[in-house]
Amino acid sequence: MKQKRFILQESELPTAWYNIQADMPVKPMPPIHPATRQPLGVDDLAHIFPHECCVQELDTEHDFIPIPDEVLEKYKAYRSTPLVRAYALEEALQTPAHIYFKNESVNPLGSHKINSALPQCYYAKQEGTTNVTTETGAGQWGAALAYAASVFGLESAVYQVKISMQQKPYRSSIMRTFGAAVTASPSMSTRAGKDIITRDPHHPGSLGTAISEAVELATTTPNCKYTLGSVLNHVGLHQTIIGLEAEKQMAMAGEYPDVVIACFGGGSNFGGIAFPFMRHNLKDGKTTEFIAAEPESCPKLTRGEFRYDFGDEAGYTPLLPMFTLGHSFKPANIHAGGLRYHGAGMIISQLIKDGLMHGVDIPQLESFEAGLLFARTEGIIPAPESSHAIAAIIREALKCKQSGEPRVILFNLSGHGLMDMSAYEQYLNGDLMNYRVSDEGIRQTLQSVPE
Ligand SMILES: *Cc1c(COP(=O)(O)O)cnc(C)c1O
């Protein structure tokens, strides 16, 4: 009989995360201070983030970093996640490709975000912090953080992008169920929020804006640390649990991926599944192809520029070396809220610059069409974010159909879409559209990038 799902026992769980920085041929450029232009060290970042996260952020030496036992214990609530062979999707596409997906939707919060929320809250607690704060778009990160904070006995405050809160009201209920205080952003509760509302009273909010508010709260509240659900190196590090498990599970299936694909917001689920396999490209001569699927309406990987830019709209963060559309870029209100971010993480940006991976941009309607096919074949309703990865693997699978090549395709199902049914409803009613950004639009927002 054909095996469909591959599961690891608790005793087989990886006990260390993989730090690709140690193996990169060219290390990421450092974050720098906007005024002095000096590279930032651990001490410069540690007033905002938990100290251990800052150490991990800048660690270019250790290839494997042990997962604390307390975090492993919490991982066991839902890990390992299954590796699944998508036989029904293969059949629907009539492709000779072997399609596998890592199902990160099967945890209490329904997305991969929890993999980093747990260690970030654990380190904060260890260091004597009592409160954590963050921003969230669609709400997956905020929900994961609220859960992790409650698990480790911390208070949490979450700024949620206003438009996303309206689109997905139940996510704020989930955050509040886990005890978080939730505020729609931009809000009048911070200086950054007030400034933005003064300039544009109808600002729909963006991740960049909400980050500004959360960072301001963290820096003005005693014993409060800021946490981030994506973009930064340590977040991608924590997410490598996905790819490290997948590596063992692909071996159980007797296969190795020719191509690895994930959707791309800031890069954490992509890095999570890709880096452990990229390690074998860097060290063992493997030739796996790595593709990041971004929305056509927010195309930093395919149409942005590699520059030092701010991570947030108000310009509170350090300058980060990233592929960016400019920190003033306002993404269209697509339903894949987790992909509405103007820049890419530092590691990924360097990897793209060095030709070790590439991006593809996916129109919104193609992503929903792909999500629907996946639901109707594999029985899982994907998050609109994850549907971008599905659209990209369908493109690859159809190429295989043309060429007759049975390539092995692995993708990350970053989350389920059960909180996104209003988006599916609009799609089914024919009310959604594509949003292609003009070259002129990108040229303009790139002017907000400091020289
Ligand atoms: C947040 C999120 C993403 C995008 O974030 P990355 O850091 O790029 O992974 C993708 N999918 C889901 C389900 C998310 O919640």
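Here, the structure is the one placed above.
**Side note on the packing of helix α12 (residues 268-284) against helix α14 (residues 346-353)**
Moving on, step 1. Running from N to C, α12 and α14 cross one another at 50°; their axes reach a closest spacing of 12 Å. Between α12 and α14, the interaxial angle falls into the category oblique. Where α12 crosses over α14, the two elements pack in a sense that is left-handed. Seen from α12, the contacting residues are Phe270, Gly271, Phe275 and Met278; seen from α14, they are Ile347, Ile348 and Leu351.
Moving on, step 2. When grouped by side-chain class, the residues that make up the contact of α12 with α14 number 6 nonpolar, 1 polar and no charged.

**Concerning the site of the ligand**
Moving on, step 1. Near the ligand lie 18 residues; those nearest to it are Lys113, Ser230, Gly265, Asn269 and Ser414.
Moving on, step 2. In this structure, Gly265 approaches the ligand through a main-chain N or O atom, which is 2.6 Å from an oxygen atom.
Moving on, step 3. One of the side-chain N or O atoms of Asn269 is found 2.7 Å from an oxygen atom in the ligand.
Moving on, step 4. Bound to the protein, the ligand loses 98% of the 380 Å² it would expose on its own.
Moving on, step 5. Class assignment for the residues of the shell around the ligand results in 4 nonpolar, 12 polar and 2 charged.

**So, the environment of Phe277**
Moving on, step 1. In this fold, Phe277 is placed in helix α12.
Moving on, step 2. Under the relative-accessibility criterion, Phe277 is labelled buried at 0%.
Moving on, step 3. Those residues in contact with Phe277, other than ones at most four positions away along the chain, are Gly243, Ala246, Glu247, Met250, Tyr256, Pro257, Val260, Phe290 and Leu410.

**Side note on the sheet that holds strand β15 (residues 408-413)**
Moving on, step 1. Spatially, 7 strands are ordered β1-β4-β5-β15-β10-β11-β14 in an open sheet, and the strand pairing comes out mixed. Looking at strand neighbours, the two that pair on one side only are β1 (5-6) and β14 (358-362), the edges of this open sheet.
Moving on, step 2. Relative to strand β4 (residues 83-85), β1 is paired through 2 bridges, and the arrangement is antiparallel. Within β4, the position partnered with Arg5 by the bridge is Val84.
Moving on, step 3. Each of β5 (98-103), β10 (259-263), β11 (289-295) and β15 is contacted by α12, which is oriented at about 160° to β10, the strand it contacts most.

**Topic: the environment of Asp195**
Moving on, step 1. Structurally, the position occupied by Asp195 is in helix α9 (residues 191-199).
Moving on, step 2. In this structure, the C-alpha to C-alpha distance between Asp195 and Ala314, residues 119 residues apart in sequence, is 8.8 Å.

Reading the values: the criteria
Residues numbered from 1 in each chain as written. Predicted model: local features only at pLDDT ≥ 70, side-chain atom pairs only at ≥ 80, totals over all residues. Heavy atoms only, no water. Axes fitted to C-alpha atoms, helices over the stretch in contact; angles between N-to-C directions. Helix = DSSP H or I, 4+ residues; strand = E, 2+ residues; numbered from the N terminus. Parallel < 35°, antiparallel > 145°, perpendicular 65-115°, else oblique. Left-handed = near helix turned anticlockwise from the far one by under 90°. Contact = heavy atoms within 4.5 Å. Nonpolar A, V, L, I, M, F, W, Y, C, P; charged D, E, K, R; others polar. Near = heavy atom within 4 Å. Polar contact = N/O pair within 3.5 Å; in protein donor to acceptor, adjacent residues only side chain to side chain. Areas by Shrake-Rupley, 256 points an atom, 1.4 Å probe, with all protein chains shown as cover. Buried < 20%, exposed > 50% of the residue type's maximum accessible area, 1.4 Å probe, protein only. Pairing = 2+ DSSP bridges.

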